[in-house]
Amino acid sequence: QMPSLSGAERIRMKGTIARPGAVWPAHPHRLARRSRAVASAIAPAARTRFGRRATRGRRRASTGAVAPSAGELQSSYGLKDSVAFESGEGGLTKIVLTHVCGSSAEIYLYGACVTSWKQASGDEVLYVRPDAKFDMSKAISGGIPLCFPQFGPGEMKQHGFARDSLWRVASTSADYNPDDRDPCVELVLEDSDETRACGFAGSFKVSYSITLHRETLQTDFRVINTGDAPFEFTAALHSYFEVAGVENASVSGLEGLAYLDKVPNPTDPKREPGSSEELRIAGETDRIYEDAPSEVVLKVGTGAGVQIQNENWSDCVVWNPWTSMEACYKEFVCVENAKTAQKVRVGPNESWRARADFAVVDLI
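Here's a quick rundown of the structure. This is a predicted model, so every value here is computed, not measured.

Turning our attention to the overall build of the protein. When helices and strands are counted, the protein shows 4 helices and 22 strands. In the protein, which comprises 364 residues, the proportion classed as buried is 57%. Accessible surface computed for the protein: about 15100 Å², of which carbon and sulfur atoms make up 46%.

As C-alpha cells, then:
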C-alpha cells in the first residue's frame, strides 16, 4: 500500500521543472510599518477569513518613478524574521515574506508580481517562464502578474500598465503571536502622467496586499476612485501554476458552465456550451468562465491540487499557450481570478475590492 503523502509532498514529487489585506487599518495586535500618506487616504475595511476551508541603488520604472533601494526599504519597512527587502533577479527589489511555519513568498516591486510561493517543505507552487525578463523591458512572465486597468487586448496595451509599473510600499505587518505570525506587505499604485499617457484618464489609487497565513497565500486587491469622475476597468490575477505535465492536470469546479473561447479570435470570443467533465488541457486553451464559482481546484497531476477561493472575482480564466510556447507549455497552467466579462464602474470616492486565497490541498 502506498504511504499517505501530504499535498506539499505531492507537489514536491513533480521535481524541478528546470491577512487578506489586513492593514486597513492595521490590526492592534500587529507589528506594523506604514506610510502615513496611504494610511490617511485609504478607508478602513474589516479583516475577514474565507469560511469554506480553512537593483541595486535606484532604478527607473516604466511609469517614471524612482524606487528606493532594497536597503532603504529594509530600514523603513523590514520586520525581523517576517518581512525582508532584498536585491532580486536583475537587481530589482523584491520583498520576501517568511512565515514561522517555513512557508515563503517573493514579490517584486516591479509589477507587484508574486514570483514565488513555497510551502513549508520548500516546494514551489508557482511557475515563472524561462523567457521571463527582469530588466524592466517588459512585464515579468510568470508567478502572479497583476492585470489592470485592462485584461487582455483592447484600447490600451495588452493587460494594462500595472504589471510593468513600479509600485510603492505602503506598509508591512506581522502578528505578535509567534505561532501564527502572518507576514504581510501592502503595495500601492497611483495615477500619474504616465498612466494617463497609456490611455487611462481615471484618477485612482490601487492597494494590493499579499499575506502568508501559514502555508496559504492571501491577496487583497482594492481600486479607489480619487477623482471627481467615474471610470471603468477590467482586472485579473494572471496566476501561473506549475504542473506535473499539462496532460496530467485538470481543473474542477467549472463543470457545466458555458465559456467564452478566445482562441479563434481574442477580440471577439465565441460562446461555447459547458461540459459535465473536468477541464483538461488538450490544445491551446484560452477560456473565460463568467460568473464562476467562488472555489475552483487545479489538480496538478501528483495527487495534490491548488485550491483557489475568492470573493468578488466573478470570472475565471484558464489559459495554456500549447505549442506556441514550445519550451514550457507542458510545465504550467494558468487559472486566473478575473473581472473581465463586464467592466467595473467606480464612481468618485467609491472603491471596488476583491480577494483570493491559494492553498495546496490533498486530493487522495
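Back to the write-up after that little detour.
Let us now look at the sheet that holds strand 5 (residues 113-118). Strands sit in the order 2-3-4-5 across an open sheet of 4 strands; the sheet is antiparallel. For this open sheet the edge positions go to strand 2 (83-87) and strand 5, each flanked by a neighbour on one side alone. Pairwise comparison of adjacent strand axes, ignoring direction, gives a mean angle of 20° for this sheet. Pairing analysis gives 5 bridges linking strand 3 (residues 93-98) to strand 4 (residues 104-108), with the strands arranged antiparallel.

Take the pattern of salt bridges next. In the structure shown here, the tally under the stated rule is 14 salt bridges. With a closest N to O distance of 2.8 Å, Asp-220 and Arg-353 form a salt bridge. You can see Asp-220 sitting in strand 10 (residues 216-225) and its partner Arg-353 sitting in strand 22 (residues 351-362), a full 133 residues away along the chain. Exposure class is identical for Asp-220 and Arg-353. Each is buried. One network of salt bridges, in which partners are shared, links Asp-220, Glu-311, Arg-353 and Arg-355.

It is worth spelling out the environment of Tyr-127 at this point. Positionally, Tyr-127 belongs in the loop between strand 5 and strand 6 (146-147). On a C-alpha basis, the gap between Tyr-127 and Cys-328 in space is 10.0 Å, while along the polypeptide they are 201 residues apart.

What counts and how
- Residue numbers run consecutively from 1 along every chain, following the written order of its sequence.
- Per-residue local features of the predicted model are confined to residues with pLDDT of at least 70, and side-chain atom pairs are confined, for both listing and counting, to 80 or more; whole-chain, interface and lining totals are unaffected and use all residues.
- The basis for the side-chain values is all heavy atoms of the structure; hydrogens and waters are excluded.
- By definition, any uninterrupted DSSP run of H or I lasting at least four residues is a helix, any uninterrupted run of E lasting at least two residues is a strand, and each is numbered from the N terminus.
- When a residue's accessible area, from a 1.4 Å probe over protein chains only, is under 20% of the maximum for its type it is buried; when over 50% it is exposed; and in between it is partly exposed.
- All accessible-area figures derive from a Shrake-Rupley calculation using a 1.4 Å probe, and residue coverage is judged against the displayed protein chains alone.
- We call two strands paired when DSSP finds no fewer than two bridges between them.
- To obtain each axis, a line is fitted to C-alpha atoms, and for helices this fit is confined to the stretch in contact; angles are then taken between N-to-C directions over 0 to 180 degrees.
- Salt bridge criterion: a side-chain nitrogen from Lys or Arg within 4 Å of a carboxyl oxygen from Asp or Glu.

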